[in-house]
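Listed here are the chains, written in short residue letters.
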Amino acid sequence: MIGYLRGKIKFIFAEEIILDVQGVGYKIFIDAETRQNLQIDTEIELFIHTLVREDAINLFGFKNRQAFELFETLLTVNGIGAKSALSIVSKISATDFALAVANQNLTALTKLPGVGKKSAQRILLELKDKIGNFSKNLPAEENFQPITISNAAEEAEEALSALGYTQSEISAVFNRAPKNSTTENLIKFALKELNKFA
């Protein structure tokens, strides 16, 4: 199994990149944090999760080790697939996720993409005993902070989704947006940024 890759970025797409590793191009799905500030022909190192299926071998890459470990932890939850796990990792930090599970915060989890009440309950049930070991790997200087997903962000996300933008594209742009932006300002900022890649 591939667990790590280092190479040059040859192509950048909405949800994945093509990484040139000694002349071989690997298609790698990436999270929102990894997607930020990528440039063609720059070298990057990624933690890799290899997902093998009967009809495909998919690679998921992360610059951040904690995001990578959160992704693999989510895959242990019944009913959470790789694409759902990637969307969740793109929306919430490993620290905030650990805090939500530790506090059995059902409401915070249901705000994550693709996570309904039943899925959130499964996450809390299946990860409550695992999250202690997972949180030990988080940086000591990183303090737990409550999850805050503003109404403005939710409304802007709905509007952008209706325009056809993906969850990973929206999350990546929102991470770069000025704090405390209004719904209108978030949408304007996102459209300006997303059109750079059009």
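For the structure, see preceding data.
Along each chain, the written sequence defines residue order, and numbers are assigned to residues from 1. Side-chain atom pairs in this predicted model are given and counted only at pLDDT of 80 or more, local residue features only at pLDDT of at least 70, and totals for whole chains, interfaces and linings cover all residues. To obtain the side-chain values, all non-hydrogen atoms of the structure were used and water was disregarded.

Peer 1: Quick question: what am I supposed to make of the overall build of the chain here?
Peer 2: Looking only at helices and strands, the chain has ten helices and five strands in total. In the chain, the share of contacts with a sequence separation of at least 24, taken over all contacts with a separation of at least 6, comes to 55%. Entry remark: accessible area of the chain is about 11000 Å², with carbon and sulfur atoms responsible for 48%. Strands here are runs of E lasting at least two residues and helices are runs of H or I lasting at least four, both read from the DSSP assignment and numbered beginning at the N terminus. Working rule for contacts: check all heavy atoms of both residues, and any pair within 4.5 Å makes them a contact. For every accessible area listed, the method is Shrake-Rupley and the probe measures 1.4 Å; residues are considered covered only by the protein chains on display.

Peer 1: What's the story with the nonpolar core in this structure? I'm lost.
Peer 2: In this structure, F60, F62, F71, L74, F97, L109 and I123 are the most contacted members of the largest nonpolar core, which totals 31 residues. At the level of secondary structure, the elements contributing two or more residues to this core comprise β5 (57-62), α2 (65-74), α3 (82-91), α4 (94-102), α5 (106-110) and α6 (117-127). Those residues in contact with F60, other than ones at most four positions away along the chain, are I28, F29, F47, I48, H49, L51, F71, A82 and L86. Remark: nonpolar core denotes a set of buried residues (Ala, Val, Leu, Ile, Met, Phe, Trp, Tyr, Cys) joined through side-chain atoms within 4.5 Å. The cut-offs for exposure are 20% and 50% of the maximum accessible area for each residue type, with area from a 1.4 Å probe on protein chains only; residues under the lower value are buried, those over the upper are exposed, and the others partly exposed. Grouped together as the second largest cluster of nonpolar side chains are twelve residues, I9, I28, I30 and I44 included.

Peer 1: Teacher, can you tell me more about α6 here?
Peer 2: Taken together, the buried positions of α6 are S119, A120, I123, L124 and L127. For α6, the buried positions fall inside an angular range of 135° around the axis, keeping them on one side. Among the exposed residues of α6, those pointing more than 90 degrees away from its buried face are K117, K118 and L125. By arc we mean the arc of the directions from the helix axis to the C-beta atoms, nothing more.

Peer 1: It is not clear to me how the pattern of salt bridges should be interpreted in this structure. Could you clarify?
Peer 2: Think of it this way: side chains of opposite charge can pair up when their charged atoms draw near. Within this document, salt bridges are pairs made up of a side-chain nitrogen of Lys or Arg and a carboxyl oxygen of Asp or Glu, the two lying within 4 Å of each other. As enumerated under the stated definition, the model contains four salt bridges in all. The partner of R65 in a salt bridge is E69, and the shortest N-O contact between them spans 2.8 Å. One end of the pair is R65 and the other is E69, both in helix α2 and four residues apart, which spans about a single turn. Linking E184 and K188 is a salt bridge whose minimum nitrogen-to-oxygen distance equals 3.1 Å. Of this pair, E184 and K188 both sit in helix α10 (residues 183-194), four residues apart, which is roughly one turn of that helix.

Peer 1: Help me understand unusual backbone geometry, please; the structure alone is not making it clear to me.
Peer 2: Only a minority of non-glycine residues have a phi that is not negative, and only a minority of peptide bonds are not trans. The backbone of N37 sits at a positive phi, close to 60°, despite the residue not being glycine. You can see N37 is positioned in the loop between α1 (32-35) and β4 (43-52). At D41, a residue that is not glycine, the phi angle is positive and equals roughly 70°. Structurally, D41 is set in the loop between α1 and β4.

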